[in-house]
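The primary structure of each chain is shown beneath.
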Amino acid sequence: MGKFRKFMMMGVASCMAVTMLAGCGSDGKDAGSDSNEVKLGLNFELTGTAATYGNTELNGIKFAMKEFNAKEGNKFKYVGVEGDNKSDNAEATNIATKMVSEDKVDAFVGPATTGASLAIYDVANNANVFVISPSATGSGVTTKQNGDVYENVYRVCFEDDYQGAAMAVYARETLKVSKAAVLMDNSETYSKGLSAAFESKFKEEGGNIVIKENYQSKDTDFNASLTKIKNSGCDALYIPGYYTEVGTIIKQAREMGINVPIIGGDGFDSSDLVKLAGDKKYLNDVYFTTAYTTVNASDELKAFIEAYKKEYGEDPSMFSALAYDAANLMMQAYEEAGTKDHDAVKEVLDKMEFKGVTGTFTFDEKHTPKKAALVVKVVDGEQKEAVEVDPNK
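The present account deals with the structure reproduced in this document. (Residues numbered from 1 in each chain as written. Predicted model: local features only at pLDDT ≥ 70, side-chain atom pairs only at ≥ 80, totals over all residues. Heavy atoms only, no water.)

1. Things to note about the pairing of strand S4 (residues 77-84)
- Counting buried positions over the eight residues of S4 gives seven, a clear majority of the element.
- Bridge analysis of strand S3 (residues 37-44) against S4 gives eight bridges, and the strand direction is parallel. Counterpart to glycine 41 in the pairing with S4 is valine 81.
- Between S3 and its parallel partner S4, the chain crosses via helix H2 (residues 51-69), and the hand of that crossover is right-handed. (Buried < 20%, exposed > 50% of the residue type's maximum accessible area, 1.4 Å probe, protein only. Helix = DSSP H or I, 4+ residues; strand = E, 2+ residues; numbered from the N terminus. Pairing = 2+ DSSP bridges. Right-handed = clockwise from strand over helix to strand, strands pointing away.)

2. Notes on the packing of aromatic side chains
- Under the defined criterion, the tally for this structure stands at 24 aromatic pairs.
- Consider the rings of phenylalanine 198 and phenylalanine 202, whose centres lie 5.3 Å apart with planes at 15°: the pair is stacked. Of this pair, phenylalanine 198 and phenylalanine 202 both sit in helix H6 (residues 189-204), four residues apart, which is roughly one turn of that helix. The two residues phenylalanine 198 and phenylalanine 202 agree in class, both being buried.
- Connected via pairs of aromatic rings, a cluster forms that spans Tyr53, Tyr190, Tyr242, Tyr243 and Phe319.
- Positioned above the aromatic ring of phenylalanine 68 is the side chain of lysine 71, whose terminal nitrogen or guanidinium carbon lies 4.1 Å from the ring centre. (Phe/Tyr/Trp six-rings, centres within 6.5 Å; stacked < 30°, edge-to-face > 60°. Lys NZ or Arg CZ within 6 Å of the ring centre and 35° of its normal.)

3. Notes on the pattern of salt bridges
- Per the stated rule, a full pass over the model turns up 16 salt bridges.
- Put simply, glutamate 82 and lysine 62 hold a salt bridge, and the shortest N to O gap is 3.2 Å. Residue glutamate 82 is located in strand S4, and its partner lysine 62 is located in helix H2; the two are separated by 20 residues in the primary sequence.
- Close ionic contact of aspartate 315 with lysine 309 constitutes a salt bridge, the shortest N to O distance being 3.9 Å.
- One network of salt bridges, in which partners are shared, links Lys98, Glu102 and Asp103. (Salt bridge = Lys/Arg side-chain N within 4 Å of Asp/Glu carboxyl O.)

4. Brief notes about the environment of alanine 323
- One can find alanine 323 in helix H11 (residues 318-337).
- Sequence-wise, alanine 323 and valine 156 are 167 residues apart; in three dimensions their C-alpha atoms are separated by 8.5 Å.
- Not counting residues within four places of it along the chain, the set of residues in contact with alanine 323 comprises Glu57, Ile61, Val109 and Pro134. (Contact = heavy atoms within 4.5 Å.)

5. A short note on the pairing of strand S6 (residues 130-133)
- Going residue by residue along S6, you find Phe130 and Ile132 tucked away on one face and Val131 and Ser133 tucked away on the opposite face as well.
- Note that strand S5 (residues 107-109) and S6 share three bridges and pair parallel. Paired with valine 109 across the strands is isoleucine 132, a residue of S6.
- Each parallel crossover has a hand, and for S5 linked through helix H4 (residues 114-126) to S6 it is right-handed.
- Alignment of S6 against strand S7 (residues 153-155), held across three bridges, turns out to be parallel. Looking across to S7, one finds that isoleucine 132 is bridged to tyrosine 154.

Written out as structure tokens, the structure reads:
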């Protein structure tokens, strides 16, 4: 099929709250005190720069837990312990430490960003507590500095090396781009990883990076860099960043007359992208890599979308869908193990073939799922087409 094919879709203490998704027992004991309850630590970016990601992922997990707890015949009840890490990595570590030592969580689902996820891995791994990362796409994050795999850390998203390379292949073979500009957030691990992967693969495929400019998170004026990019003669602009800056960059680029394709990673996937871009017309000829899309949805996916929309009044994003899958994966592992014994649950995780709304996959030796990347085309601010891309073929 070549390298791509059309995708037919298939203060810490004050921040803590116990989400009573499973409810209290009739004896009034706190949820989680029963040996038949599994406590999931939900350490998310509920405020701060990544709040959109954190809140949508928390919603995805709550929805998954509500559905799962309503099933007949479950061996366990699943309870969420929430914490707001405020989009701060140090706060994420503090919250994880409290969840392990005081709340006695059995597993973590989250955080949303790569940086915050990395900040809790050692805490969780050293305490023999599982982590299922919905969207920590950073390359190599499931391995320690010495190269060993974190025994207890898994993720349901592909890594940045993969999606960066996938976009490079799509840019060369589908968009016929030969001269790309890169505008990278040099304060974010996510952005630097995507940029490196895209540049390497793009050059390998015969393309040329004609200019590379940098910005930092929370910047709002990109005109100096965009002026240089406009004068570079590029025929595409790759922005490996989060929607918080990308939306503004797209607005300023289009207003400046930069009308080449704008391409990027899954950080584009937010309902706020249109708001920040200012006008839907600016979001034409825009493409990004993702692990999930509602384009050409299967019947199963349509059912999920309808139920989620009924619950929250909005369509699920990639981040809510990934979190939904992450929570279901962890709960399914406990149910299949039939015990809270760590080794038994880990054996299930290592061998599991999981079918979720973001695809069916098994884990590789580094606990990263084997799944394809998707490239979505945006038309007037809405996802209209999706193509599956495998940069390794």
